[in-house]
Amino acid sequence: MGEKPLKILACGDVEGSINAVFNRVRTIQKKSGQFDLLLCVGNFFGSSPGAQAEWQEYKSGAKKAPIHTYILGAASQETLRYFPSADGCELADNITYLGRRGVFTGASGLQIAYVSGREGQQDPTPAHCFSPKDLTQLVEPLISNNQFRGVDILLTSQWPRGVWQYANSPEVNTKFCGTTSISHLAYKLKPRYHFAAVEGVHYERLPYRNHVVLQENTQHVSRFIALATVNNPEKRKYLYAFNIIPMKSMEASELVKQPQDVTESPYSRMVRENTLSDPTVQEPASQFFFDLGKKQRGGGRGQGGRGRKRPSDGDGQNQGQPWDSDRQSQRLPFDLDRPKQPRRPPQPSGPCWFCLASPQVEKHLVISIGTHCYLALAKGSLTPQHVLVLPIGHYQSVVELSSEVVKELDRYKMAVRTFYKSKGQRCVLFERNYHSQHLQIQGQPAQIQRLPHSLTSLPRYKTDSPLRASLPRYRAGAEQELMEIPQHTDLKQIAPPGTPYFYVELDSGEKLFYRIQKNFPLQFGRYVHTHHI
Ligand SMILES: [Zn+2]
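Right, let's walk through the structure included here. (Residues numbered from 1 in each chain as written. Predicted model: local features only at pLDDT ≥ 70, side-chain atom pairs only at ≥ 80, totals over all residues. Heavy atoms only, no water.)

**Digging into the pattern of salt bridges**
Logical step 1: Applying the stated rule across the entire model yields 13 salt bridges.
Logical step 2: With its nearest N and O atoms 3.2 Å apart, the salt bridge here joins Asp 134 to Arg 100. Within this pair, whereas Asp 134 is found in helix α3 (residues 132–143), its partner Arg 100 is found in the loop between β5 (95–99) and β6 (101–105), the two being separated by 34 residues in sequence.
Logical step 3: Classification of Asp 134 by relative accessible area gives buried; the value is 8%.
Logical step 4: Residue Arg 236 pairs with Glu 234 through a salt bridge whose shortest N-O separation is 3.9 Å.
Logical step 5: Residue classification places Arg 236 among the partly exposed residues on the basis of a relative accessible area of 25%.
Logical step 6: Counted as one network, the salt bridges with shared partners bring together Asp 410, Lys 413, Arg 417 and Glu 505. (Salt bridge = Lys/Arg side-chain N within 4 Å of Asp/Glu carboxyl O. Helix = DSSP H or I, 4+ residues; strand = E, 2+ residues; numbered from the N terminus. Buried < 20%, exposed > 50% of the residue type's maximum accessible area, 1.4 Å probe, protein only.)

This is how it looks when you write it as structure tokens:
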């Protein structure tokens, strides 16, 4: 549309260093031209005598702000006296206090929602705090409009709790950082930019989606940026410059463009599971543990199951792994020790029954969720212990996985073997990379007493081998032979990505490989177990 973008600066806690921030702005404007607005979040004023004297010069008109400056109200008791009331007003030439909460719409149509101060814990709410009512009064008029898509900018002093979920970790103690009422606010207002401060650190979260993939229309993404205190000794970033075209002037297609590194919403799961109201609530690790004693409902999982429940949206790093005792520590969603954001796996082109983030996943079958993989009971399984090991992301076959995903997959496979062994059973794992979109390693227990021989002691797949013997029932011919491959062979060496194959791993370490030609029986793996073991 050729709309000229606005040039905006956002600033963290000024804490009375007003000269410092304006000098910095002057330098920037000399270099990059005039900016339209300076938005200050956190505490603008300081309580030291020096800070008071500095402010006096602006208040008296002796000094003037070099840019239209908008500030939030007090985030502490000590600086309350700088604000004449809860209502917004001009405090000095070019310096405007926005008010306790509200929406500011500029001449350009840029919409800025804001909430001053911290979450009030008492009733009545102190003047430097906001109450639940403040948030309701801010949100309701906006979202009651059915044209409402979101606001351009949200300014808060406090951080939204849990904003780091599914993303890069901030340098704060996440156990004590932020408040869920701000998370709720951000979830509802869908700001394109959300600025916060008061934690003394700089944090730019990866952008997150405001819609559920494949369920809702694509919406614009949100960026959360927390800024440090002006002139902090660690030289953390406190000023952020960006260009923005108000969303009301943008083409929808332009507005909803998704950047490559976009993540899930950090809030949607909290809202859905209703844990947002209480930051101390953590999901119990047992949530995904399926009760093996329960009767399963039937139906072929891969073929015709219906997604009944919403799955977990996330990478589920808060879940323990029941059979994996050497995992060093359980990672909780708000812990600091989250690993770096893993490379994003490929996305499915349509609904997928096995992508953990997809709505089609049947959550009640999920047993354990790791960082890259998860374990589930097979639907319509042949035995109660028929399990699937799957990558969380959408990968078609083992040969497409990165080494770290393979590593975790191997640990799950080991856990499955150990589990079967504890039940006095042998373990057969197989993968069918043929007519399947999402990798599934199937685990089947085999009763030792029912085996004609121990699988390990079988001579090389002579015709009475249970596995090989099952083949001629479908198709005669030498080309159907399973090929034994050396134990340390990487499957990638024999099956380049795209090659259809059937692959079996026995608990003895033996590996059997079959390059699939046409008319391969899809139920082959199942057949082996029902009829021959
Ligand atoms: Zn998938």
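Following the structure, the description resumes.
**A closer look at the coordination of the zinc ion**
Logical step 1: Protein coordination at the zinc ion comes from Cys 352 (SG), Cys 355 (SG), His 394 (ND1) and His 438 (ND1), with a distance range of 2.0 to 2.3 Å.
Logical step 2: Coordination at the zinc ion is tetrahedral: its four donor atoms span angles of 100 to 115 degrees at the metal.
Logical step 3: Positions of the donor residues of the zinc ion along the chain correspond to the pattern C-x2-C-x38-H-x43-H. With Cys 352 in the loop between α7 (301–304) and β15 (366–369) and His 438 in the loop between β18 (425–433) and β19 (441–447), this pair connects stretches of sequence that are 86 residues apart. Note on accessibility: Cys 352 and His 438 belong to one class, buried. (Donors = N, O, S within 2.8 Å, 3.2 Å for Na, K, Ca; no water. Tetrahedral: all angles 85-135°; square planar, octahedral: opposite > 155°, others 65-115°.)

**Observations regarding unusual backbone geometry**
Logical step 1: Here the phi dihedral of Asn 94 falls at roughly 75 degrees; this positive angle occurs in a residue that is not glycine.
Logical step 2: By secondary structure assignment, the location of Asn 94 is in the loop between β4 (87–92) and β5.
Logical step 3: Phi is positive for Tyr 166, close to 65 degrees, though the residue is something other than glycine.
Logical step 4: Along the chain, Tyr 166 turns up in the loop between β10 (153–156) and α4 (180–189).

**Some thoughts on the side chain of Thr 229**
Logical step 1: The residue Thr 229 is located in the loop between β13 (223–226) and β14 (239–244) in this model.
Logical step 2: The class for Thr 229 is buried, based on a relative accessible area of 16%.
Logical step 3: Residues within four places of Thr 229 in sequence aside, it is in contact with Asp 13, Glu 15, Gly 200 and Tyr 238. (Contact = heavy atoms within 4.5 Å.)

**A closer look at the packing of aromatic side chains**
Logical step 1: The tally for this structure, following the rule as stated, stands at 19 aromatic pairs.
Logical step 2: Centroid distance Tyr 203 to Phe 224: 6.2 Å. Interplanar angle 55 degrees. Geometry classified as tilted. You can see Tyr 203 sitting in strand β12 (residues 203–204) and its partner Phe 224 sitting in strand β13, a full 21 residues away along the chain. Note on accessibility: Tyr 203 and Phe 224 belong to one class, buried.
Logical step 3: One aromatic cluster in this structure is built from Phe 44, Phe 45, Trp 55, Tyr 82, Phe 83 and Tyr 97.
Logical step 4: Across from the ring centre of Phe 35, 4.7 Å away, lies the NZ or CZ of Lys 7, which sits over that ring. (Phe/Tyr/Trp six-rings, centres within 6.5 Å; stacked < 30°, edge-to-face > 60°. Lys NZ or Arg CZ within 6 Å of the ring centre and 35° of its normal.)

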